Amino acid sequence: QVQLVESGGGLVQAGGSLRLSCAASGSIFSIYTMGWFRQAPGKQRELVATITRGGRINYADSVKGRFTISRDNAGNTVYLQMNSLKPEDTAVYYCNAASFDGPCWGQGTQVTVSS
């Protein structure tokens, strides 16, 4: 089993920056992709960015050029650097790990961008 703990959400003005962190524990050797999803009120959860064990990165079109996903050398922690934030980025952000044991989700962290 994999456990995920997120941190780093908060309130920021439009144009500001935030950095989210997601620390994985447990059966981390079984993880092959980690990423971030978000869910705004009344909307479906959507992909933000993912990074594979091999380092392949994928971004949603809406965040390209503004957000950067990265991980530590051990591959246990994934970060999401969010710059030039917009009010439409307001959502609960969830860390996700795809593993051979199945998908795992963090508890979510609120990001609120004021105009």
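Before going into details, it helps to say that this report is about the structure given with it. From a predicted model like this one, the values you see are computed outputs, not experimental measurements.

### A word on the pairing of strand E5 (residues 46-52)
Across 6 bridges, the pairing between strand E4 (residues 31-39) and E5 is antiparallel. Bridge pairing in E5 places methionine 34 opposite isoleucine 51. Counted along the chain from E4 to the antiparallel partner E5, the turn is 6 residues long, and its residue glycine 42 has a positive phi close to 80 degrees. As judged from the 3 bridges shared by E5 and strand E6 (residues 57-59), these two strands associate in the antiparallel manner. Opposite threonine 50, over in E6, you have asparagine 58 as the bridge partner. The loop that links E5 with its antiparallel partner E6 comprises 4 residues; one of these, glycine 55, has a positive phi angle of about 95 degrees.

What counts, and where the lines are drawn
Residues numbered from 1 in each chain as written. Predicted model: local features only at pLDDT ≥ 70, side-chain atom pairs only at ≥ 80, totals over all residues. Heavy atoms only, no water. Pairing = 2+ DSSP bridges. Helix = DSSP H or I, 4+ residues; strand = E, 2+ residues; numbered from the N terminus.

By themselves, these figures tell us nothing about what the structure is for.
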